[in-house]
Amino acid sequence: MENLYKQLDREKLEALVEAQERIDKLELDEMFKFLVSQIIKTLKIERCSIFRVSLRSETVYLIAGEPKNGHGLGMSFSFKDLGALKEVIENKSHLLITEPWRDERMQPTKELIYYKRINAILFVPILARNEVVGVIAVDATNEKKSFSQEEIYFCLTLSNLVSLLLERDFVHQEREEKKALMILGQAAAEAAHRMRNPLVPIGGFARRLARKLQEPEYKKDAQIIVREAERLESILEGLLKFAKPKKLKVVLSDINEIIKEAEKITVEGLIKDKKIETQLELDSEIPPLLLDPMEIRGVFLDILR
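These notes cover the structure that comes with them. (Residues numbered from 1 in each chain as written. Predicted model: local features only at pLDDT ≥ 70, side-chain atom pairs only at ≥ 80, totals over all residues. Heavy atoms only, no water.)

Some words on the overall build of the chain
Let me state the cut-off plainly: A run of H or I in DSSP becomes a helix once it reaches four residues, and a run of E becomes a strand once it reaches two; helices and strands are each numbered from the N terminus. Radius of gyration here uses only the C-alpha atoms, and the compact-globule reference equals 2.2 Å multiplied by the residue count raised to the power 0.38. Note on exposure labels: buried denotes an accessible area under 20% of the residue type's maximum, exposed denotes more than 50%, and partly exposed covers the range between, all computed with a 1.4 Å probe on protein chains only. Whether two residues touch is decided by their heavy atoms; if any such pair falls within 4.5 Å, the residues are in contact. His is not counted, nor are the chain ends, whereas Lys and Arg count as positive and Asp and Glu as negative. Charge placement uses NZ in Lys and CZ in Arg. For Asp and Glu, CG and CD serve respectively.
When helices and strands are counted, the chain shows 8 helices and 8 strands. What you see for the chain is a C-alpha radius of gyration of 31 Å, clearly larger than the 19 Å of a compact globule of 305 residues, by over 25%. Sorting the 305 residues of the chain into buried and exposed places 34% on the buried side. Once local pairs closer than 6 in sequence are excluded, the contacts in the chain between residues at least 24 apart make up 59%. Of the side chains in the chain, 49 bear a positive and 51 a negative charge, and the two mean positions are spaced by 5 Å.

A few points about the sheet that holds strand E5 (residues 118-128)
Hydrogen bonds along the backbone pair up the strands of a sheet, which may run parallel or antiparallel. Test applied: Here a strand pair is declared whenever DSSP counts at least two bridges between the two strands. Axis geometry follows a simple rule: fit a line to the C-alpha atoms, using only the stretch in contact for helices, then measure angles between N-to-C directions, giving values from 0 to 180 degrees.
Taken together, 6 strands build an open sheet; the order of strands is E3-E2-E1-E6-E5-E4 and the sheet is antiparallel. At either margin of the open sheet sits one strand with a lone partner, and together these are strand E3 (76-78) and strand E4 (95-98). Averaged over neighbouring strand pairs, the angle between their axes works out to 25 degrees when direction is ignored. Strand direction decides the pairing type here: strand E1 (residues 47-54) and strand E6 (residues 131-141), joined by 6 bridges, are antiparallel. Bridging across to E6, Ser49 finds its partner in Ala137. Strand contacts of helix H3 (residues 83-91): E1, strand E2 (59-66), E4, E5 and E6, with the helix running at about 135 degrees to E6, the strand carrying the most contacts.

Points about the pairing of E2
The pairing of E1 with E2 spans 7 bridges and is classified as antiparallel. Following the sheet pairing, Ser54 is matched in E2 by Thr59. Hairpin remark: E1 followed by E2, antiparallel, with 4 residues in the connecting loop; positive phi at Glu58, about 55 degrees.

Side note on the packing of aromatic side chains
The line we're drawing: What counts as a ring pair is set by centres within 6.5 Å for rings of Phe, Tyr and Trp (its six-membered ring), and what kind of pair is set by the plane angle: stacked under 30 degrees, edge-to-face over 60, tilted for all other angles.
Under the definition given, this model contains 1 aromatic pair. Taking the centre distance of 6.3 Å and the plane angle of 75 degrees together, the rings of Phe51 and Phe77 count as edge-to-face. Of this pair, Phe51 sits in strand E1 while Phe77 is found in strand E3, placing the two residues 26 residues apart along the sequence. Residue class for Phe51 comes out buried when judged on its relative accessible area of 10%.

Here's the deal with unusual backbone geometry
The step from Glu66 to Pro67 runs through a cis peptide bond, and the omega angle for that step is 0 degrees. Tracing the sequence through the fold places Pro67 in the loop between E2 and E3. We note that Glu58 has phi near 55 degrees; this positive angle belongs to a residue other than glycine. Mapping Glu58 onto the fold places it in the loop between E1 and E2. With a relative accessible area of 47%, Glu58 lands in the partly exposed category.

Some thoughts on helix H1 (residues 10-23)
The following threshold applies: To estimate how far a helix should reach, multiply one less than its number of residues by 1.5 Å. In this description, one arc is meant: the one made by directions from the helix axis to the C-beta atoms.
The end-to-end C-alpha distance of H1 is 20 Å, a good match for the 20 Å that 14 residues give at a rise of 1.5 Å each. What H1 keeps buried is the set Lys12, Ala15, Leu16, Ala19 and Ile23. Projection of H1 onto a plane perpendicular to its axis shows the buried side chains occupying an angular sector of 100 degrees, all on one side. Along H1, the residues that are exposed and aim more than 90 degrees away from the buried face are Arg10 and Glu21.

With respect to the pattern of salt bridges
Rule in force here: Salt bridge criterion: a side-chain nitrogen from Lys or Arg within 4 Å of a carboxyl oxygen from Asp or Glu.
Considering all chains together, one arrives at 14 salt bridges under this definition. With its nearest N and O atoms 4.0 Å apart, the salt bridge here joins Glu150 to Lys12. Of this pair, Glu150 sits in helix H5 (residues 149-212) while Lys12 sits in helix H1, and the two are 138 residues apart along the sequence. Taking relative accessible area as the criterion, Glu150 reaches 27% and is therefore assigned partly exposed. On the basis of relative accessible area, Lys12 is assigned to the buried category, the value being 7%. Between Arg47 and Asp139 there is a salt bridge whose closest N-O contact spans 2.9 Å. Taken as a pair, Arg47 in strand E1 and Asp139 in strand E6 lie far apart in primary sequence, 92 residues in all. Salt bridges linked by common partners bring Glu18, Arg22 and Lys41 together as one network.

Right, here's the structure in full:
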């Protein structure tokens, strides 16, 4: 972030203190609305808005602004249509545009700039985890020609306060998610163990019946029980892996040898009885790879099954 250690006048310092006290108690949308009103009141301007940024879809959404009837709240815009916003997002730095009616980056909004008599626009990014999640846009209109360094630093400091709050919320959210996953994992392990106990004898008795029964119809029914019991055992094995994640043992390994082992196990265990032929076509040029042989073999076993 830019150097924020600049001296601000008393009014702006008081506004920052108030903002710090207030934004910590507000929901995200309410916090953005408060920021807009705080900037307008402190800088004595008429227009300010906040965009939420979606990096994945390269879209910005207008989520807060004053005056409320002059912004088109809820509208979305593509990065490619707003060159100035795109530049702020890519550089992760503020941008002051003077004479915006002449600036090519503001071309799509030129009509609005003339109509609202906008003389300068200040864009300030809101960052979280080193990514731009929002952009504050502040307009200098009518008699106000531009923004002083002091006014710019005031907006930057406000943005920094929000960024710190968002960072804290992300950390808290991650902790809660880890806690929930731990509880879910324990519950999954308990359920898997309880379900596995009756499955073992069911599968064993079904296999015995399938071998002894002579009538094709009953033999087929027994084979279905065996197959479904195996499927349930596979599901439970996956649950147990989720509940108790293993530490990877990464070593240099020959991927072709791992594939051969998986194919051999599958042929002997499943494919052979079904009269299915397999043929391996392996690339001898693949160099040794850093991986966990047991985990990768399990992946190929799942694919072959």
